Amino acid sequence: MALNDAVPSSATDVFKRNAEDADKLLNASGPIINRLGNQLLTWEQISQSHAAWNNRGAWATKTAYAVNDTWEDGGIWYVVLSAYTSGASAAADIAGPNVAVLNGNFGSAATKDVGTSFDQVPLNSSLRANTIADLRALIPTTDGQQVALLGHTLAGIGGGTFYYDASDTTSADNNGTVIVTAGGERWKRNNSGYDSPEMFGCIGNGIVEDKTAFSVALANSKHLVADGRYKVTVTEASTGLVTQDGSLLTGAGTIEGYNVEGSIVNRVPIITVGLGAKITHLTVKPSNTNATRTDNTSYTVIDSDPLASFSYNENLIGIAQLSDSEVSQCKVAQLWRGIASSGAENILCTSNTLYQLGEWCTQFYNTKGVIFTDNICLYGGASGGAAFSSSKKLVINNNWLKVVGTGINPGGSAAVGFNVEDLVIVGNFIIARDCINLENGALNYTVNGNTLQVIKNYDLVGTNGVGIGNNSDSGGSFAGSCGQGVISNNNIKGYESSAYAYGVKIGTVAASSSEDIADIEIVDNYIHGAAVPILASHQDTSQKLENLTISRNTVYTKGSKGIQVINCESLNIDDNFITSLSSVVLAGYYGISLVDCIDASCNKNTIAGFQYLFRLESPNKVSTAELFKTTSKAHPISGVFATGDISDDGDLSGTKWIIDKLGVNTSTDTRLTLKYTYTEYSPATSIVTNGLVGYGNHKEGQLMTVKFNGNVQLAHNSPITVLKGGINVVPPAGSVMLFMAPADGRLQEVSRDF
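Basis of the calculations
Residues numbered from 1 in each chain as written. Predicted model: local features only at pLDDT ≥ 70, side-chain atom pairs only at ≥ 80, totals over all residues. Heavy atoms only, no water. Core = buried A, V, L, I, M, F, W, Y, C linked by side-chain atoms within 4.5 Å. Buried < 20%, exposed > 50% of the residue type's maximum accessible area, 1.4 Å probe, protein only. Contact = heavy atoms within 4.5 Å. Salt bridge = Lys/Arg side-chain N within 4 Å of Asp/Glu carboxyl O. Helix = DSSP H or I, 4+ residues; strand = E, 2+ residues; numbered from the N terminus. Patch = residues over 30% accessible without salt bridge, like charges linked within 9 Å, V, L, I, M, F, W, Y side chains within 5 Å. Areas by Shrake-Rupley, 256 points an atom, 1.4 Å probe, with all protein chains shown as cover. Pairing = 2+ DSSP bridges. Axes fitted to C-alpha atoms, helices over the stretch in contact; angles between N-to-C directions.

Caption draft 1: Looking closely at the nonpolar core. Ranked by size, the top nonpolar core spans 91 residues in total, and within it F214, L249, I255, L548, V565 and L571 carry the most contacts. Residue contacts for F214: discarding those within four places in its chain leaves P197, C202, L224, A226, Y230, L241, L249 and I255. Counting 11 residues, the second largest nonpolar core, distinct from the first, contains L127, L135, F162 and I179.

Caption draft 2: Main features of the pattern of salt bridges. Taken as a whole and assessed by the stated rule, the structure comprises 10 salt bridges. Put simply, D173 and R136 hold a salt bridge, and the shortest N to O gap is 2.8 Å. Taken together, the residues span a long stretch of sequence, with D173 in the loop between β11 (160-164) and β12 (178-180) and R136 in helix α4 (residues 132-137) at a distance of 37 residues. The exposure class assigned to D173 is partly exposed, which follows from its relative accessible area of 31%. Residue class for R136 comes out partly exposed when judged on its relative accessible area of 27%.

Caption draft 3: Fine view of a nonpolar patch on the surface. Taken together, the side chains of I371, V395 and V424 define a hydrophobic patch exposed on the protein surface, amounting to about 190 Å² of accessible area. Relative to the assigned elements, I371 resides in strand β31 (residues 368-373).

Caption draft 4: View of the sheet that holds strand β13 (residues 186-190). The 5 strands lie next to each other as β9-β10-β11-β13-β12, forming an open sheet whose pairing is mixed. The open sheet is flanked by β9 (128-129) and β12, the only strands paired with a single partner. In this structure, β12 lies alongside β13, joined through 3 bridges in antiparallel fashion. Across the sheet, V180 pairs through a bridge with R186, a residue of β13.

Caption draft 5: How the structure looks around unusual backbone geometry. One non-glycine residue with positive phi stands out, namely N175, at about 65°. Structurally, the position occupied by N175 is in the loop between β11 and β12. Of the residues examined, N175 reaches a relative accessible area of 28% and is grouped as partly exposed. For Q329, which is not glycine, the phi dihedral falls at a positive 55°. On the secondary structure map, Q329 appears in the loop between β25 (326-328) and β26 (331-333).

Caption draft 6: Representation of the sheet that holds strand β8 (residues 99-101) within the structure. Taken in spatial order, the 4 strands line up as β3-β5-β6-β8 in an open sheet, and their pairing is mixed. The sheet terminates laterally at β3 (54-58) and β8, the two strands that pair on one side only. Averaged over neighbouring strand pairs, the angle between their axes works out to 30° when direction is ignored. Here strand β6 (residues 76-80) runs beside β8; their pairing, made up of 3 bridges, is antiparallel. Bridging from a neighbouring strand, Y78 pairs with V101 of β8.

Here you go:
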């Protein structure tokens, strides 16, 4: 038979062969091989292919088009990929996701929906298959032979082109990119270097269950682009999706977790990022919600925000990260937690938006080497924004958090030791009940350059429980059971109407605490409106709060104290500006309050607007301090309030603490070792022109209270005295004046009682 004769051929045997092929074409269902060795579609396949297209003629506005309809505009035909109603112009429809140009290739002039814009379906191919099942039944004949797949399961979804690879006899059928026939031949998909879930059978409409097909796609693709809506059912007994180690999952799609169980013990992530894997740009949310978050009257959320109440699924977690993984530019919403990790190392979590979560927006437990940066956390539940428990080597920077509970909480769960080590919290903007909370053991940390705002109506005392380093009250930066830390250059705004709002609070609230707190610097912060801007307190007197430096801070308060320190050894409070915001000077208000402190230095602070500069409360342990190198601007010094004994090492034995005329409690003949002098001046004559003869050459910063028993004229700007108002004065007998020595050793007037 002259099979290789020219076409057309006049050979008799060729005519006979053609007649036989035509009979097979019309009446057989199996493959047909022509005399040139090419496999032809059967008549049934040809009929099905042509029947798939429904010619609707010229494009028309406001017309309902179904899948596989075709219409024409400007001489070009288009096929409908998803049902829709046409708009105002054909150009708008062509630019949309619902149609593709019918010129031999899907997607060459318009995007195809649900993530298959890269599917190439040559309509002029000699072979076509409607579905993957049809492709699996198609027997190839020549190496490299091409076949057009119209859709994986449904036409228009997951289609593409496949070629026969005769050299491959081992690749497994993965129902997406490699299809194995009954005879063992391998059809392989042509793609552009990345796959889609639709290639493996996902429908991607948010209604049909896609978990099984999506899981197969993840297991067989190193680069998956997901642009549809994928419903994924997750239960306590079955895991969600898991990406392949070292893979990339990206796209503009949404993965929607579905769970209808009641309350469960072990909440399940919708998707887990494998070792060294990466997820970007996706949205993860629930397909259904089963709980509602409403305002709690105990902590009204920020400014009655309308999004304070929301629905969420309390059984699901959005994304779980394994070691060396990255989650970036994703949106996670309306779940129990947004992003979580346990026991992992070297994690990058960046530029994500996490909102309307029932508990924490993110929670990392027992992790090491976490970079949490440039994320947005909105409307976390009672717990709050970002938690880092029992973790090490953390960088938390440039995040924006607005939550009900705690903004950033690097803390631990163990009863002893340092649970969190080597962390940097820098440049974050936080609005929260507790903005930054370091508790239960933190070592070697920096909290720098953050903007913190404590929200209103916080009145929960002891809600954090009793634990090592726990702080029960609201505040800006917390450091409980912590060592080697610096809290600096933060801008902290407290809610002044709350008696429990603090700017920076260090220490514990329980007498059962068993950890020391040491080596902490609070410097260069700006704190406005807190009830107590800076509080350092260790309630367990058997443990140490030591080596504390509070310097160069600017604090404004409507509360009763500017800076308060309790039970501290080795304390420096220097160069702070402390001002009361109260419109009147209220009784019992103190610029600096020290209780049970040892070796305290308090130098060059500016204190204004308080009844008392200092409060030293018994049994006070101040022993080697130079406490009162202090100036007052805005309000006259009223004195120092002492309620009990102050130690006396004999250096100034017999000097009186202070006097009633300056508003000070002198119920006991208190004596002290501080650089403070009391004297009663009785002039030898009725008038002394320069006054206070013999009282010059004082040490800088030394305070002196003088009671005048007789008339004396004090000269302004004399070798001995510098007076307020710049004029000479004659103090009445029995009057009192307070002086402080500047650098030149003269006595500069601070206040007078006449």
